[in-house]
Amino acid sequence: MSLLHLSFLAVDVRQPAVLYAWEGTCVQIPCSYNVLSGIKKLDHFIWYHNPQYDDENKRFDGTVLFDMSNSSKNKRIQFLGQLSKGSCSLLIHRVQVSDSGELGLRIMTPSEKWMARVQLNVTESAPQPHIQLPPRLQELQEVTVTCFLNYSCPNYPVSLLWFLDGQKVPAQVENSFIETEKVLTESKFTFIPNWTHHGKKLSCQLWHTDEQRLSEKIVWLDVKHTPKITIEASPHLEVKEGGSVTLRCLVQSSNPDVEGSFLWFKDQKKIKNWDEILTLSNVNWQQAGNYHCEANNEMGRGRSEPVHLQVLYSPRLSRVLPADISVTENKTVQLMCVTAAYPPPTNYTWYQDEKLMLGETKQNLSFQEVNRQQSGQYTCLAENSEGWGNISERARLDVQYPPTGVTVTIRSQTLIREGDSVTLSCSYEQSNPTVSRYIWRPQFSQRVRYPSNVLTIQSIPWNAEPVTCWACNIDCSQAAPVNLDVQYAPRDVKIILATPKSDIRSGDQVQLRCDFSSSRPRNVRYSWTQNGKSFHEGRYLNWSSISPEDSALYSCSVTNSIGQTKSQEWDLKVQYAPRHLRVSIVPGDVVMEKTSVVLTCEADANPAIDLYTWFDWKGQKIDNYGQKLALRPVMTHQSGAYWCQGANKLGTGKSGPATLTVYYSPETIGKRTALGLGVCLALVLLVLLGFQFVRCWRKMREEQAFQERPRGQGSFFVRKKKIRRPHTTAAPQSLGYYNPALEERIDYATLQFPDRVLSPRYLETSPVSLQTEDQSVTYSVLQKPSGGDYENVMPQAPPEDEGLHYSELIHFGERARPPAQEGVEYVTLKH
């Protein structure tokens, strides 16, 4: 089946080139097309039978099988395609021979036209299928043969059946294909040929239904195989001793023919004979055996099945098996009389120590329960149809019995303690033969052999099993086990939490119990230690209300008369809510700004705190849930009190406040100082200018006021004190720094003089002596100016603290002073 693949301009059409059918069947034409260019729609689509091109009209004429534009239908024609999916398949029912010819597919668009052709061959009857065989068939090699027919139609199904030598055989693979690449039905049959298939008929039959065979294809199998041989005996395969026999090697089948000579073998050993016929004269009993022959061809060597040549002779070479046997008393024993004879002996005679054993005429002499009296030497005599043989050789039967009265004895009768050395001995009363070995089983899980009847256990374990021994000759006898009753200190001492059954919490009622697995003797006493120190006597350790301080490593000891055993330390962990919370600050609680500060919430809790909460001096929660609060970098506005809160599954604890003080760095102080100095210089200049202006203005006003002021008036000035508020860290709201501007400040009042101040005796020009005062203050001195004015002057003293300012008035009036007022300080007027 060839594939028609047309690609003209813009359309690619795929369909088989040739299709086959026969009258009455159907034909399905698989067809597909693919529009390669940008054509969106086909104008015309027609299937023709035997289309012919009309040059005059420039078109194709022929029998129209299907026209997409003509709604009329031919009942035999069925269009299976779907133009939207590129399918143009066509089905023709009940085809006739007249349908043979060329089928054409005409495809047209507004601008293009195409014609694709398919050859249809319809015959009157079904054609023969085709059988495909491998180029060489060889016996015992699996092959697959194929039968196919270039036809497939779903409306007329067919099947291919296999027959080998007239017997139907099942097909392993059956396929039908209706594709643009191929239209066929196939069947595959796999088998392993043997030499009997050579020359046999293999046929493939085409069937429409189970009762209608349409056609058949026959091939004859040529199976290559090695020669197949049989042996023919003359006169037969049984011959009396001294007679003769002829064996012939016959080839049943060989493909190809036998090459070379034949080979003969007796009991697998080659015989020096190369002919097809083997003749044996004056046969003796030793020539009895299995004979076979072999032959070669191109495929290899063929071998016949062996034949057994029987020579008839009286018994000979008789013997008793086993020839020498030793058995244990009460065991079953069987002796056999073995002889070479054909036919086999039918009668036997047995002798014990040359005495005839009456009633024993079988080949086997059996003793169900042999005893000591049946020991001795045995012989036999055999008889067949050819006569009596000779008496056999002697065989010895030795009946033995195991040791009796086996016992185990402990040599040391004192109390046995764990680790002691113990000696045991194994003895017996009778034995035949004498005891050759002893087997001891002390504490081991399997038998351990010791050649001596004495067993010494150097260090007896606490859990020693009962000890037993076996005394052995040809068999073994066991002694009754002996219990060693080992004394040992208590074993597997451990602490068990009796109550509660789960976690221990602060305030719970708790009981610990001291247990052990075994002790010998059982009388014991209990003691407890806490962190290695003696703590309590008794089996139980109780707390009515346990506290975290009871957490410790506990162990218990169990003591008997043999020794003391201590348990492993048991870590008693009491669970409690967080407590003793405190905040630690690293590197310290007073730090410089722009450094790294880590606050850690330290606490005592079991289980460990799983949730930490931080608060600042305002009581506001800080968005941090870890044990550590990192301030990187810390600034002065973060100064204040911090506290933390920790919680586990048992409760919550709260720490006290920890105050963090952050001071300015030298860099910040320098920047602020520079800014302050600049502002101060500007203010000083403004003050000096203002002061000069005010001074001039005051001078003018004082002169005018002095002339207008009435007599008897006085002047004074007052110094006010600002109380500095002390720095404190007690309140969480403290910022941790202070303002120097809050230092003490002095305010001055106006000084006026009475009229007599102007008297000559007060206006003397004597110099004023200034006393050096404390360096922490600055003094101002009021003196009479040369022009009749007063002014403040600074003494020639070292610089004082600007925090306090004092003034001293000289030549004040002589009249009595008014009472002092609280909160007002007055200066002294000196003469």
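A quick note: this is a predicted structure, and the numbers were derived from the prediction, not measured.

Definitions and cut-offs
Counting restarts for each chain, with residues numbered from 1 along the sequence as it is written. Local features in a predicted model are, by the rule used here, given only for residues with pLDDT of at least 70; side-chain atom pairs are given and counted only at 80 or more, and totals for whole chains, interfaces and linings are based on all residues. In computing side-chain values, all of the structure's heavy atoms are included and hydrogens and water are not. The way it works is that DSSP assigns letters per residue, a run of H or I at least four long becomes a helix, a run of E at least two long becomes a strand, and they are numbered from the N terminus. Categorising residues by exposure relies on relative accessible area from a 1.4 Å probe, with only protein chains included: less than 20% of the type maximum marks a residue as buried, more than 50% marks it as exposed, and the intermediate range marks it as partly exposed. Any two residues whose heavy atoms approach within 4.5 Å at even a single point are treated as in contact. With residues, only the protein chains shown are counted as cover, and all accessible areas are computed by Shrake-Rupley using a 1.4 Å probe. At least two bridges found by DSSP between two strands are what make those strands a pair. Fitting a line to C-alpha atoms yields each axis, with helices limited to the stretch in contact; the angle taken between N-to-C directions then spans 0 to 180 degrees. Each residue carries a pLDDT value, the predictor's own confidence for that position, ranging from 0 to 100. Put simply, a salt bridge is a Lys or Arg side-chain nitrogen that is within 4 Å of an Asp or Glu carboxyl oxygen. We call a pair of cysteine sulfur atoms a disulfide when they lie within 2.5 Å.

**Comments concerning the overall build of the protein chain**
Here comes step 1: Broken down by element type, the protein chain carries 1 helix and 68 strands.
Here comes step 2: Among the 831 residues that make up the protein chain, the fraction classed as buried is 39%.
Here comes step 3: At a minimum sequence separation of 6, the contacts of the protein chain that also span at least 24 residues come to 62%.
Here comes step 4: A total of about 48600 Å² of accessible surface is found on the protein chain, and carbon and sulfur atoms cover 49% of it.

**Re the sheet that holds strand E18 (residues 183–191)**
Here comes step 1: One open sheet accounts for 4 strands, arranged E12-E14-E18-E17; its pairing is antiparallel. The sheet terminates laterally at strand E12 (130–132) and strand E17 (173–178), the two strands that pair on one side only. Here the average twist between neighbouring strands, direction ignored, is 20 degrees.
Here comes step 2: Bridging between E17 and E18 involves 6 bridges; their strand directions are antiparallel. By the bridge assignment for E18, Phe-177 is matched with Leu-184.

**Some details on the confidence of the model for the protein chain**
Here comes step 1: Predicted confidence across the protein chain gives a mean pLDDT of 81, with 81% of residues reaching 70 or more.
Here comes step 2: The secondary-structure element of the protein chain with the lowest mean pLDDT is strand E66 (residues 791–793), recorded at 42, while strand E53 (residues 552–559) shows the highest, at 95.
Here comes step 3: With pLDDT under 50 throughout, residues 1–9 is counted as low confidence; its partners more than four residues away or in other chains account for 40 contacts.
Here comes step 4: For the stretch residues 712–814, pLDDT sits under 50, and the model shows 175 contacts to residues farther than four places along the chain or on other chains.

**Notes on the pattern of salt bridges**
As a working rule, side chains carrying opposite charge can pair if their charged atoms are close by.
Here comes step 1: This structure, assessed with the given rule, holds 25 salt bridges.
Here comes step 2: Residue Asp-222 pairs with Lys-224 through a salt bridge whose shortest N-O separation is 3.7 Å.
Here comes step 3: The partly exposed category is assigned to Lys-224, whose relative accessible area is 22%.
Here comes step 4: With a closest N to O distance of 2.9 Å, Asp-324 and Arg-396 form a salt bridge. Linking Asp-324 in strand E30 (residues 324–328) with Arg-396 in strand E37 (residues 395–404), this pair joins segments that are 72 residues apart in sequence.
Here comes step 5: You can call Arg-396 partly exposed: its relative accessible area is 37%.
Here comes step 6: When salt bridges with common partners are traced through the structure, they connect Asp-324, Arg-396 and Asp-398 into a single cluster.

**Re the sheet that holds strand E58 (residues 597–606)**
Here comes step 1: Taken together, the 3 strands give an open sheet; going across it, the order is E56-E58-E61, and neighbouring strands pair in antiparallel fashion. Of all the strands in the sheet, the pair left with one neighbour each is strand E56 (576–586) and strand E61 (628–631). When strand polarity is set aside, the average angle formed by the axes of neighbouring strands in this sheet is 10 degrees.
Here comes step 2: Taken together, the 4 bridges between E58 and E61 define a ladder with antiparallel strand orientation. If you follow Leu-599 over to E61, its bridge partner there is Leu-629.

**Looking at the state of the cysteines**
Here comes step 1: This structure, assessed with the given rule, holds 9 disulfides.
Here comes step 2: Paired through a disulfide, Cys-31 and Cys-88 show a sulfur-sulfur distance of 1.8 Å. Between Cys-31 and Cys-88 the sulfur-sulfur dihedral comes to about -75 degrees; the bridge is accordingly left-handed. Placement of the pair is Cys-31 in the loop between strand E4 (27–29) and strand E5 (32–35) and Cys-88 in the loop between strand E8 (77–79) and strand E9 (90–92), with a sequence separation of 57 residues.
Here comes step 3: A relative accessible area of 0% means that Cys-88 is categorised as buried.
Here comes step 4: Each sulfur of the disulfide joining Cys-514 and Cys-556 lies 2.1 Å from the other. For the disulfide bridge between Cys-514 and Cys-556, the dihedral angle about the S-S bond is near 75 degrees, and by the sign convention the bridge is right-handed. Taken as a pair, Cys-514 in strand E48 (residues 510–515) and Cys-556 in strand E53 lie far apart in primary sequence, 42 residues in all.
Here comes step 5: For Cys-514, a relative accessible area of 0% puts it in the buried group.

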